[in-house]
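# Tertiary structure, described
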Amino acid sequence: AQTVTQSQPEMSVQEAETVTLSCTYDTSESDYYLFWYKQPPSRQMILVIRQEAYKQQNATENRFSVNFQKAAKSFSLKISDSQLGDAAMYFCAYSGGSRLTFGEGTQLTVNP
Amino acid sequence: EAGVVQSPRYKIIEKKQPVAFWCNPISGHNTLYWYRQNLGQGPELLIRYENEEAVDDSQLPKDRFSAERLKGVDSTLKIQPAELGDSAVYLCASSWYRTLGETQYFGPGTRLLVL
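Residues numbered from 1 in each chain as written. Chains lettered and ligands numbered in written order. Predicted model: local features only at pLDDT ≥ 70, side-chain atom pairs only at ≥ 80, totals over all residues. Heavy atoms only, no water.

## A short note on the overall build of chain A
The condition is simple: Numbering of helices and strands runs from the N terminus; a helix is a DSSP stretch of H or I covering at least four residues, while a strand is a stretch of E covering at least two. Note on classification: 1.4 Å probe, protein chains only; a residue is buried when its accessible area is under 20% of the maximum for its type, exposed when over 50%, partly exposed between these limits. Here, residues are in contact when the closest pair of their heavy atoms is within 4.5 Å. Each accessible area is a Shrake-Rupley result for a 1.4 Å probe, and residues are judged covered by the shown protein chains and nothing else. Under the counting rule used here, the positive set is Lys and Arg, the negative set is Asp and Glu, and His together with the chain ends is not counted. Each charge is placed at NZ for Lys, CZ for Arg, CG for Asp and CD for Glu.
When helices and strands are tallied, chain A shows 0 helices and 12 strands. Traced from its N-terminal end to its C-terminal end, chain A shows the element sequence β-β-β-β-β-β-β-β-β-β-β-β. Seen through its principal axes, chain A has C-alpha atoms that stretch 40 × 25 × 20 Å. Put simply, chain A has 112 residues, and 48% of those count as buried. Long-range contacts, defined as pairs at least 24 residues apart, comprise 54% of the intrachain contacts of chain A with a sequence gap of at least 6. Summing over all exposed atoms, chain A offers an accessible surface of approximately 5,500 Å²; the carbon and sulfur share of this is 44%. The positive charge centre, built from 9 side chains, and the negative charge centre, built from 11, are 5 Å apart in chain A.

## Side note on the pairing of strand 7 (residues 65-68) of chain B
All names here are of chain B. The criterion, for reference: By the convention used here, strands pair only if DSSP detects at least 2 bridges between them.
Where strand 7 meets strand 8 (residues 75-79), 4 bridges bridge the pair, whose relative direction is antiparallel. Bridge pairing links Ala 67 to Leu 77 in strand 8. Where strand 7 folds back onto strand 8 in an antiparallel hairpin, the turn is made up of 6 residues, including Lys 71, whose phi is positive at roughly 65°.

## Observations concerning the interface of chain B and chain A
Note the following rule: By buried area we mean how much accessible surface two parts lose on assembly, using a 1.4 Å probe and totalling the loss over both. A pairing counts as a salt bridge when a side-chain nitrogen of Lys or Arg comes within 4 Å of a carboxyl oxygen of Asp or Glu. Polar contact criterion, stated in full: a pair of N or O atoms within 3.5 Å, where within protein one must be able to donate a hydrogen and the other to accept it, and residues adjacent in sequence count only if both atoms are side-chain atoms. Nonpolar residues are Ala, Val, Leu, Ile, Met, Phe, Trp, Tyr, Cys and Pro. Charged residues are Asp, Glu, Lys and Arg, and all others, Gly as well, are polar.
Counting from both sides, the interface comprises 29 residues of chain B and, opposite them, 22 residues of chain A. The contact between chain B and chain A buries some 1,900 Å² in all, and 45% of this surface belongs to carbon and sulfur atoms. The three residues of chain B that bury the most area against chain A are Arg 98, Leu 100 and Phe 106 of chain B, which together make up 30% of that side's buried surface. Applying the counting criterion to the chain B and chain A interface returns 1 salt bridge. Across the salt bridge formed by Arg 99 of chain A and Asp 56 of chain B, the nearest N and O atoms sit 3.0 Å from each other. Counting every contact that joins chain B to chain A gives 7 residue pairs in polar contact (both at pLDDT 80 or more). When residues of the side of chain B that touches chain A are traced back to their parent elements, those giving at least two are strand 4 (31-37), strand 5 (44-50), strand 9 (88-95) and strand 11 (110-114) of chain B. Broken down by class, the residue content of the side of chain B that touches chain A amounts to 10 nonpolar, 13 polar and 6 charged.

Following this line, the structure appears as structure tokens:
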């Protein structure tokens, strides 16, 4: 079974600074996607960014980018120029042959 | 475009009582998911529907949980009887289809507290 591990239960960052959230996963599948989802206090989960395993180029979405290291099975999220609205729980998720598997999340605090 | 709608947002019941959650997915989405999210954890899939067919219900505790998606649109998740350990947030999500890279759109969830 696939597993997703987020080793940082909590992280904090100063407004306008950069923060990196870590994620590792375990799989024997060759074709899969990885996602970062954001869950603000209102609880509605929102997709932040996605990465296809076959693509070597790291995905970027405005201030959000990933560092995808396939051999190391690592998928970190970098948030640049952090804003107060970035404060939320961030979940790393794996999508392979069966279902979407989430990590346990990292609570991000943005300090003004 | 309206998002995924869930009701109620909050529910408090006593153990052994029944409870039901309702979900209306994004219009046109064929795939509907129910997840359970325990406090401090990521969501875990309970059941996935492709149109009105339940295609992945291996994680659904069938002794007390049931779900239906009549006409392939709205869905209801039921627990009967509820236990203390069922306290969690129940999330509904939908997508066009279930593919590897498909984005799932989540509703706000129903927070259940069983006393």
